[in-house]
Amino acid sequence: MSKIEKINLNKTIDYSDENIEYFIKKNTESKLLDYQEIVDKIKGAKNSIKIASISNISNEILDALHNNLEINIYMIFKSFDNSTETLSRFDKRKPIIAREVQELENSFIIIDNISYLFINPLSQKENIYILVDEKETQDLGFIFNYYFWNCASMEKLVENISKPMESPFPPFGKRELNFINIRNLESCKSLYIPRDKKYINQLDMNANKKYFSDDLKRPILINNDNFQIGNFVLNLNFEIKNSWLLQSNTQREIDISLDIIPKVENWDKTINILDFKEIELSDIRASTIEEMGNVKPDSFPKESYVNSIKFYWNVLPPIKLQTSKKSSLYGQFDKLKNDLNRELDVLEITLNNLKKESNLLSKWFMGTTRQTDRNLKKITEYRNINLHLMSIFDLENFFNKEFKNFYNGIIKSEKDFKEDKKRKEAEEQWNRKKEQKEKFLEKRQSEKKDDETQLSNLKLKSEEKKILQTKIDKFTDEIRDLGKEKQANQFKLNNISKIEKEIESIQDEIETLKKKKEELKNEQKE
């Protein structure tokens, strides 16, 4: 009887009729601008600046406010708690009047007689803003005053926050707004939301076209010449260029070359619909030879965004044929069980010893301890295996592959552990010796430094000694010269004394002669 080989089966499933909602790129041109135009306007303002903000305000605008020393500044915030960074920039040196208005849903700035309306919060580094002319600014001015005097809940003057001062004016009457209305659009033809899935529920709104945009931080509704941002409805044309349009099609209607973003996926990356894919499934064993041509998986794994998938698998023949004989291996179950338990005992002792040593050296072998616990748990599972319930194929596979690999793995782990332990101990011993030598070297370096200092001092003393010796030699020469000069002076003194004696002797002789002369004169007179 020839050997019965496995057969190959396959099945292709068509998913192209599935309908998906997805975004397709319409334009990537961004309308975001920095605040330079507004900064220049603030710096040149002459009278007052009024700011309404639903968030903190960017530093570019705050710096411009600080640079203009001539203006009065009035601010309203939706929440003081969410605007602490901005409020902290103002104090007695740069005062403002700020009020909290919880009804506020829009950000705008009125600079003298013109204004800017912002699409995104003022905390953004870049924004989309609309320049509002002088005539239309009157509407924003009225809205600001209405919010400031009629709707404020708190007021901040310099540093203190308190209840706002009551309006000194009569209550605001009804005023017709020509440019802006504070309401919601009754219907919209186009809806734009930020590229952020927290806004996904807003896509349930009734609108002809729905988009998301990287430029937006807040939703926008557009209907003909009106558009709504926050709770302002404005009568002007407004276009968002950086946008992705939401569409709905069956998969086969979508161009596979297009980058799309499915509504249900993360919106941070694009995908492409695949036209075809092949998937290999696990082998299946047939119960009988007759069934081999019809054996198929219980289910086929579903993959999204693929038009058709071809699944293929191998069908294996049954283990037990009518002509087969029972393997002698089944007659050896008791011996196999005993052999298994004996091997498990050896492994368990090995693992327990390994765990004990690795615990003592946990600083090196924390991973070994965890793996040892997993292997001990596996041994418990192996002890509970009932070999009698296993097929011959599973039995051979268990002993020849699974258990053999498990056994060899543990033996190798023990060997690797002992080698690692020796290496780590040698490494630690080397590190200790290295540390001792480094300390000894450090000590010798310090001693050397001291010796060098002493040697330097000795050299300095030697130089000083040479200088002193030079001075001593000079003084000795000077003393010697003085001695010679003294001897010469002494010789001169001796000569002077001798001459003085001679003069004195001559003087005495002269006196004697004078006396004799007088005596002769006297004798002659007689």
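Remember, predicted model here, so these are calculated numbers, not experimental data.

**Student:** Honestly, the overall build of the protein in this entry has me stumped. Any pointers?
**Tutor:** Per the secondary structure count, the protein includes seven helices and 21 strands. Counting only contacts in the protein whose residues sit at least 6 apart along the sequence, the fraction spanning at least 24 positions is 72%. Accessible surface computed for the protein: about 34800 Å², of which carbon and sulfur atoms make up 48%.

**Student:** Would you mind going over the sheet that holds strand β14 (residues 220-223) with me for this structure?
**Tutor:** Consider a sheet: its strands pair through backbone hydrogen bonds, and that pairing is either parallel or antiparallel. Across the sheet, nine strands lie side by side as β11-β16-β15-β14-β12-β13-β17-β2-β18; this open sheet has mixed pairing. Across the chains shown, the open sheet's two edge strands, defined by having one partner strand only, are β11 (180-182) and β18 (260-262). The sheet shows a mean angle of 30° between the axes of neighbouring strands, direction not considered. As defined by bridge partners, strand β2 (residues 19-27) adjoins strand β17 (residues 243-250) across eight bridges and the pair is classed as antiparallel. Each residue of the ladder has a partner; that of F23, found in β17, is L246. Strands β11 and β16 (232-235) of the sheet are contacted by helix α4 (residues 134-150), whose axis makes an angle of about 30° with β11.

**Student:** Mind showing me how you'd approach the packing of aromatic side chains here?
**Tutor:** Both the distance between ring centres and the angle between the ring planes are used here to describe each pair of aromatic rings. Counting across every chain of the model gives 19 aromatic pairs. Here the aromatic rings of Y146 and Y147 are separated by 6.1 Å at their centres, their planes lie at 45°, and the arrangement is tilted. Connected via pairs of aromatic rings, a cluster forms that spans Y74, F108, F144, F148, W149 and F232. Here the basic side chain of K31 rests over the ring of F238, its NZ or CZ set 5.2 Å away from the ring centre. The ring of Y15 has K302 lying over it, and the distance from NZ or CZ to the ring centre is 4.6 Å.

**Student:** Looking at this structure, how should I read α4?
**Tutor:** Structural remark: α-helix, 3.6 residues per turn; residues separated by three or four positions point the same way. Over its 17 residues, α4 runs 24 Å from end to end, which matches the ideal 24 Å to within 8%, given 1.5 Å per residue. Taken together, the buried positions of α4 are T137, D139, L140, G141, F142, I143, F144, Y147 and F148. Where α4 begins, the side chain of D133 points an oxygen toward the backbone nitrogen of K135, at a separation of 3.2 Å.

**Student:** Could you clarify how one ought to interpret the side chain of K210 in this entry?
**Tutor:** With respect to the secondary-structure elements, K210 resides in strand β13 (residues 209-213). The side chain of K210 is buried and forms no salt bridge, while D204, the nearest opposite charge, is found at 6.0 Å. A polar contact of 2.4 Å, which involves the side chain of K210, links it to the backbone oxygen of L203. Within the structure, the side chain of K210 is placed 2.8 Å from the backbone oxygen of M205, a separation counted as a polar contact. Apart from residues no more than four positions distant in its own chain, K210 is found in contact with L191, L203, D204, M205, W244, L245 and L246.

**Student:** What is the right way to read a negative patch on the surface from this model?
**Tutor:** On the surface, a cluster of negative charge is contributed by E500, E504, D508, E509 and E511. Within the secondary structure, E500 sits in helix α7 (residues 392-525). Overall, E500 belongs to the partly exposed group, its relative accessible area being 48%.

**Student:** Can you help me understand the nonpolar core in this one?
**Tutor:** Inside soluble globular proteins, nonpolar side chains tend to come together where they are buried. Residues I119, I220, F227, F232, L234 and F238 are the most contacted members of the largest nonpolar core, which totals 43 residues. Elements supplying a minimum of two residues to this core: β2, β6 (107-111), β8 (129-132), α4, β14, β15 (226-229) and β16. A per-element tally of this core places α4 first, with six residues. Apart from residues lying up to four places away in sequence, F238 is in contact with I119, I128, I130, I220, I222 and F227. Membership of the second largest hydrophobic core comes to 28 residues, among which are A64, I73, M75 and L87.

**Student:** Just checking my understanding: could you explain unusual backbone geometry for this structure?
**Tutor:** Comment: phi is negative for the bulk of residues other than glycine, and the bulk of peptide bonds are trans. Here D112, not a glycine, exhibits a phi torsion of approximately 55°, which is positive. Mapped onto the elements, D112 comes out in the loop between β6 and β7 (114-118). A positive phi angle, close to 65°, is found at Y305, a residue other than glycine. In this structure, Y305 sits in the loop between β20 (284-285) and β21 (306-316). Judged by its relative accessible area of 13%, Y305 falls in the buried class.

**Student:** Where do I start with the sheet that holds strand β9 (residues 154-157) in this structure?
**Tutor:** Judged by pairing direction, the sheet is mixed, and its eight strands sit side by side in the order β8-β7-β6-β3-β4-β5-β9-β10 without closing on themselves. On the outer flanks of this sheet lie β8 and β10 (160-162), each paired with one strand and no other. Adjacent strand axes in the sheet meet at a mean angle of 15° when their direction is disregarded. Note: β7 against β8, four bridges, orientation antiparallel. Within β8, the position partnered with S115 by the bridge is V132. Against the sheet, α4 touches β3 (48-53), β4 (72-77), β5 (97-100), β6, β7 and β8, its axis set at about 65° to β4.

**Student:** Looking at this model, I keep getting lost on the pairing of β16. Mind explaining?
**Tutor:** Consecutive residues of a regular strand have side chains that alternate between opposite faces of the sheet. Here β11 pairs with β16 via three bridges, running antiparallel. Note that in β16 the partner of I180 across the bridge is L234. Counted between consecutive antiparallel strands, the loop separating β15 from β16 contains two residues, among which G230 sits at a positive phi close to 65°.

Rules used throughout
- As a convention, each chain's residues are numbered from 1 in the sequence order in which they are written.
- Where totals are concerned, whole chains, interfaces and linings use all residues; where local detail is concerned, this predicted model gives features only for residues with pLDDT of at least 70, and gives and counts side-chain atom pairs only at 80 or more.
- The side-chain values count all of the structure's non-hydrogen atoms but skip hydrogen atoms and water molecules.
- A run of H or I in DSSP counts as a helix once it spans at least four residues, and a run of E counts as a strand once it spans at least two, with each numbered from the N terminus.
- Throughout, a residue-residue contact means that at least one pair of heavy atoms, one from each residue, lies within 4.5 Å.
- Residue exposure ignores everything except the shown protein chains as possible cover, and the areas themselves are Shrake-Rupley values with a 1.4 Å probe.
- Two strands are said to pair when DSSP picks up at least two bridges between them.
- Axis definition: a line fitted to C-alpha atoms, limited for helices to the stretch in contact. Angles are taken between N-to-C directions and run from 0 to 180 degrees.
- Note on ring pairs: Phe, Tyr and Trp rings are taken, using the six-membered ring of Trp, and paired if centres are within 6.5 Å. Classes follow the plane angle, with under 30 degrees stacked, over 60 edge-to-face and the rest tilted.
- Comment: the charge-over-ring label is applied if NZ (Lys) or CZ (Arg) is within 6 Å of the ring centre and within 35 degrees of the ring normal.
- What a helix should span is 1.5 Å times the count of its residues minus one.
- Three labels apply to residues, based on accessible area from a 1.4 Å probe with only protein chains included: buried if under 20% of the type maximum, exposed if over 50%, partly exposed otherwise in between.
- Within 3.5 Å is the distance limit for a polar contact, defined as a pair of N or O atoms, with the added protein rule that one can donate a hydrogen and the other accept it, and that residues adjacent in sequence qualify only through two side-chain atoms.
- Neither His nor the chain termini are counted; the positive set is Lys and Arg, and the negative set is Asp and Glu.
- We count a salt bridge whenever a side-chain nitrogen from Lys or Arg sits within 4 Å of a carboxyl oxygen from Asp or Glu.
- Here the term patch refers to residues with relative accessible area over 30% and no salt bridge, with like charges joined within 9 Å and nonpolar side chains (Val, Leu, Ile, Met, Phe, Trp, Tyr) within 5 Å.
- Here the site of a charge means atom NZ of a Lys, CZ of an Arg, CG of an Asp or CD of a Glu.
- Here, nonpolar core means buried Ala, Val, Leu, Ile, Met, Phe, Trp, Tyr and Cys residues that are tied together by side-chain atoms lying within 4.5 Å of each other.

The analysis is restricted to geometry; functional conclusions fall outside its scope.
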